Amino acid sequence: MAKWFYKQNKLVQLLLLLIPGVNWIVEICIRWSAFLSRPKLLTLVFAIIATVTVGVFGWIDLIWLLLFNHLIFAKA
């Protein structure tokens, strides 16, 4: 899922992270797929945080995506 997300147009990425509800589901899918492809402690911690915060962490990732072109500890 993380690879699919990063292949999308920047506008599509921003919209997926901007819409509440969709934001949370996309965050969960990206975070857990990033952890499964790269099982490290930080990716696990951020996957759990994204799951528990119910979309709040997605707003932080939206800003991070604008600044650095990837999510926090979820590179493809």
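All figures in this text were calculated on a predicted structure; none of them were measured in a lab. (Residues numbered from 1 in each chain as written. Predicted model: local features only at pLDDT ≥ 70, side-chain atom pairs only at ≥ 80, totals over all residues. Heavy atoms only, no water.)

A. Expanded view of the side chain of Arg-31. Looking at the secondary structure, you find Arg-31 in helix 3 (residues 22-37). Classification of Arg-31 by relative accessible area gives buried; the value is 1%. In this structure, Arg-31 is in contact with Phe-46, Ala-47, Ala-50, Phe-57, Asp-61, Leu-71, Ile-72, Phe-73 and Ala-74, ignoring residues within four places of it in sequence. (Helix = DSSP H or I, 4+ residues; strand = E, 2+ residues; numbered from the N terminus. Buried < 20%, exposed > 50% of the residue type's maximum accessible area, 1.4 Å probe, protein only. Contact = heavy atoms within 4.5 Å.)

B. Geometry of helix 2 (residues 10-18). When helix 2 is considered as a whole, its buried residues turn out to be Gln-13, Leu-14, Leu-16 and Leu-17. With its buried residues spanning 160 degrees around the axis, helix 2 presents them on a single face. Of the surrounding elements, those touching the buried residues of helix 2 are helix 1 (2-7), helix 3 and helix 5 (56-68). (Arc of directions from axis to C-beta.)

C. Structural detail: the packing of aromatic side chains. As enumerated under the stated definition, the model contains 5 aromatic pairs in all. With a centroid separation of 5.9 Å and an interplanar angle of 90 degrees, the aromatic rings of Trp-32 and Phe-35 are classed as edge-to-face. On the criterion of helical spacing, the pair formed by Trp-32 and Phe-35 is a turn pair, its members being 3 residues apart in helix 3. Overall, Trp-32 belongs to the partly exposed group, its relative accessible area being 29%. Ring geometry for Trp-64 against Phe-68: centres 4.6 Å apart, planes inclined by 50 degrees, an arrangement best described as tilted. In this pair, Trp-64 and Phe-68 both sit in helix 5, 4 residues apart, roughly one turn of the helix. By relative accessible area, Phe-68 is classed as partly exposed at 44%. Each member of the aromatic cluster is reached from another via a ring pair, and the members are Phe-46, Phe-57 and Phe-73. (Phe/Tyr/Trp six-rings, centres within 6.5 Å; stacked < 30°, edge-to-face > 60°.)

Without other data, these values stay purely geometric and don't point to any function.
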